[in-house]
Amino acid sequence: MKKLLIVESPTKARTIGKYLGKEYEVLASVGHVRDLPKSNKDAVDIEGGFIPRYVVSADKREVIAKIERAAEKADEIYLATDPDREGEAIAWHIKEVTGLKKPKRVVFHEITKEAIEEALAHPRDIDENLRRAQEARRVLDRIVGYDLSGLIWKKVRYGLSAGRVQSPALRILAEREREIKAFIPVTYFVLSALFQTRLNLGPNSKGSTLSATCTEQPATKEEADRIVQTGRSASWSVASVTEKSEERNPRPPFTTSTLQQAASTRLGFAPSRAMRAAQKLYEAGHITYMRTDSVNLAKEAVAKMAGVVEKEFGKEYLQVRVYKTTSKNAQEAHEAVRPTDPFHVRAGSTPDETQLYELIRTRALASQMSPARIMRTNIAAKANVEIPLFTANGSRVLFLGWLALDTKARGEDVELPKLAVGDTLTLVSLGAEEKQTEPPNRYTEAGLIKELE
């Protein structure tokens, strides 16, 4: 029996072809096979009920002809485009353009032999609601984007574009810029002190230093100078020592948005660069589908990741977790972005892909690890005169937990000397630094993505 399976990209077709037998022919539609015409006048019949008028571009005619020829020889036809509304729409367009009779729709969120075989064993019909959702979005893009862009060309500058995402993003950026321009700085003073401590081990014991900051920030130079001058002639001692153990939990595995944010802050990748690398990793079978708003993980995936954690770090570092997506609009059927085989430490054919894969694998594995235990220490120093307290904060890791894997998230330990209430402190220096409040920062790409979400 001859079977035809149609996907979107040639790379994906080659990867899937390796997993399927000779009875399957795997072809690529190379994206959309038809779309709205470039002319806005003919694109959507608004009066008739917002009906799109689709056209086939010249460069897709050969692709369609190839699919039609293969379909004539096939006993079964499977549409295996991406598992989202865009993929559903492409599957529907392929069916409509080529006149396929009762093709089967299959979806998988990772390109592995097991996932593909599971999908082929449970085909379904094309989801009309999902493909209509894409159509509504496409029509809205055209109506809003073209009409608004045309107005901007006339009023601002030719070549600019606008749309349902660009325009709110521009509004957010403009509002932040207004905040920055309207900002009026306020002067304040930061007071810092350096103390010499003497451990209670006898007169010949070595001392250590303690850097502390005033708990108040005077608004005037006169008040700052008063505290400095009074403090320099005072006697100092330890007012309190507080130690508190706390847990620091790992973050959920990546969604599209959080992956773009992390790639921006950790790797310096623009969102488009991150998604290009993710697309290649997905098509090569290294990661699950990268367009998702879900933090869910399949039970089988969790079991694999638990095996990796236990093997690499030991049982005490393993804590299986279930993450739930809080967004009411999230597509729960999707998984978070994760490696298809977490035992693979490296994957990808370019430096961008390799770095992004490592980021995805680290985040996914860390999500199934024990919390880090951190000891937070606060020491308050007081003078024997009426001035504010000075405090120092420190931290040290008691148990690494997931930070053993995600070393970039750890930071440095800040060790404070071992002191007790009443211990004498010798003032080495005390000074004031004049500062001004600063306006809000302009958005980074990662920050804008988060704000848009």
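Residues numbered from 1 in each chain as written. Predicted model: local features only at pLDDT ≥ 70, side-chain atom pairs only at ≥ 80, totals over all residues. Heavy atoms only, no water.

1. A short note on the sheet that holds strand S6 (residues 104-105)
Sheets are built from strands paired through backbone hydrogen bonds, the pairs being either parallel or antiparallel. The line we're drawing: Strand pairing requires that DSSP identify at least two bridges connecting the strands. Under the DSSP-based scheme used, a helix requires at least four consecutive residues in state H or I and a strand at least two consecutive residues in state E, with every element numbered from the N terminus. What makes two residues a contact is simply this: any of their non-hydrogen atoms within 4.5 Å. Here an axis means a line fitted to C-alpha atoms, over the contact stretch when the element is a helix, while the angle between two N-to-C directions is reported on a 0 to 180 degree scale.
Ordered by their spatial adjacency, four strands build an open sheet running S2-S1-S5-S6, and the pairing between neighbours is parallel. Single-partner strands in this sheet number two, and they are strand S2 (24-28) and S6. In terms of strand pairing, strand S1 (residues 3-7) meets S2 through five bridges, oriented parallel. Bridge pairing in S2 links Leu5 to Val26. Lying over the sheet, helix H1 (residues 10-19) contacts S1 and S2, oriented at roughly 165 degrees with respect to S2. In the packing of helix H3 (residues 61-73) onto the sheet, the strands contacted are S1, S2 and strand S5 (76-79), and the crossing angle to S2 comes to about 165 degrees.

2. A closer look at the side chain of Thr354
One can find Thr354 in helix H12 (residues 351-366). Excluding residues that lie within four positions of it along the chain, Thr354 makes contacts with Arg346, Ala347 and Gly348.

3. Focus on the packing of aromatic side chains
Counted only if it meets this: Stacked, edge-to-face and tilted are the three classes for Phe, Tyr and Trp ring pairs, Trp counted by its six-membered ring, which pair at centre distances within 6.5 Å; planes under 30 degrees apart are stacked, over 60 edge-to-face, the rest tilted. The buried label applies to any residue whose accessible area, calculated with a 1.4 Å probe on protein chains only, is under 20% of its type's maximum; exposed applies above 50%, and partly exposed to all values in between. Lysine and arginine charges are scored as sitting over a ring when NZ or CZ, respectively, is within 6 Å of the ring centre and within 35 degrees of the ring normal.
All told, the structure shown has eight aromatic pairs when counted by the stated rule. Centroid distance Trp153 to Tyr158: 4.6 Å. Interplanar angle 55 degrees. Geometry classified as tilted. Relative accessible area serves as the criterion here: at 38%, Trp153 is assigned to the partly exposed category. Classification of Tyr158 by relative accessible area gives exposed; the value is 63%. Here the aromatic residues Phe195, Trp236 and Phe390 are joined through ring pairs into a cluster of three or more. In this structure, Arg176 is placed above the aromatic ring of Tyr443, and the distance from its NZ or CZ to the ring centre is 4.3 Å.

4. Side note on the pattern of salt bridges
Cut-off, in case you're wondering: Basic side-chain nitrogens of Lys or Arg form a salt bridge, by our definition, when they fall within 4 Å of a carboxyl oxygen of Asp or Glu.
Throughout the structure, instances matching the rule amount to 25 salt bridges. Among the ionic pairs, Glu246 bridges to Arg376, the shortest N-O distance being 3.0 Å. Separated by 130 residues along the polypeptide, Glu246 in strand S9 (residues 236-248) and Arg376 in strand S10 (residues 372-383) bring together distant segments of the chain. The exposure class of Arg376 is partly exposed, given its relative accessible area of 34%. Three or more residues are tied together by salt bridges with common partners; here these are Glu88, Arg105 and Arg124.

5. Let's talk about helix H5 (residues 113-121)
In plain terms, the rule: Comment: arc refers to directions from the helix axis out to C-beta atoms.
Among the residues making up H5, those that are buried are Ala115, Ile116, Ala119 and Leu120. Buried residues in H5, looked at end-on, bunch into an arc of 130 degrees, giving them a common side. Exposed residues lying more than 90 degrees from the buried face of H5 are Glu114 and Ala121. The inward-facing, buried residues of H5 abut S1, H1, S2 and S5.

6. A short note on the nonpolar core
Convention followed: Put simply, buried Ala, Val, Leu, Ile, Met, Phe, Trp, Tyr and Cys residues joined by side-chain atoms within 4.5 Å make one nonpolar core.
Grouped together as the largest cluster of nonpolar side chains are 38 residues, with contacts concentrated most on Leu5, Ile16, Phe108, Ile287 and Leu356. For this core, the secondary-structure elements that each account for two or more residues are S1, H1, S2, H5, helix H9 (256-267), helix H10 (271-283) and H12. No other element matches the six residues that H10 contributes to this core. Excluding anything up to four places from it in sequence, Leu5 contacts Ile16, Leu20, Tyr24, Glu25, Val26, Leu27, Tyr78, Ala80 and Leu120.

7. Concerning the packing of H10 against H12
What counts here: Between 65 and 115 degrees an angle is taken as roughly perpendicular, under 35 as roughly parallel, over 145 as roughly antiparallel, and anywhere else as oblique. We call Asp, Glu, Lys and Arg charged. Ala, Val, Leu, Ile, Met, Phe, Trp, Tyr, Cys and Pro are nonpolar, and the rest, Gly among them, are polar.
One way to put it is that H10 packs onto H12 with a least axis distance of 9 Å and a crossing angle of 85 degrees. The angle between the axes of H10 and H12 places the two elements in the roughly perpendicular class. Between H10, through Arg273, Ala274, Ala277, Ala278, Lys280 and Leu281, and H12, the contact on the second element is made entirely by Asp352, Glu353, Leu356 and Tyr357. Here the contact of H10 with H12 is built from residues that sort into six nonpolar, no polar and four charged.

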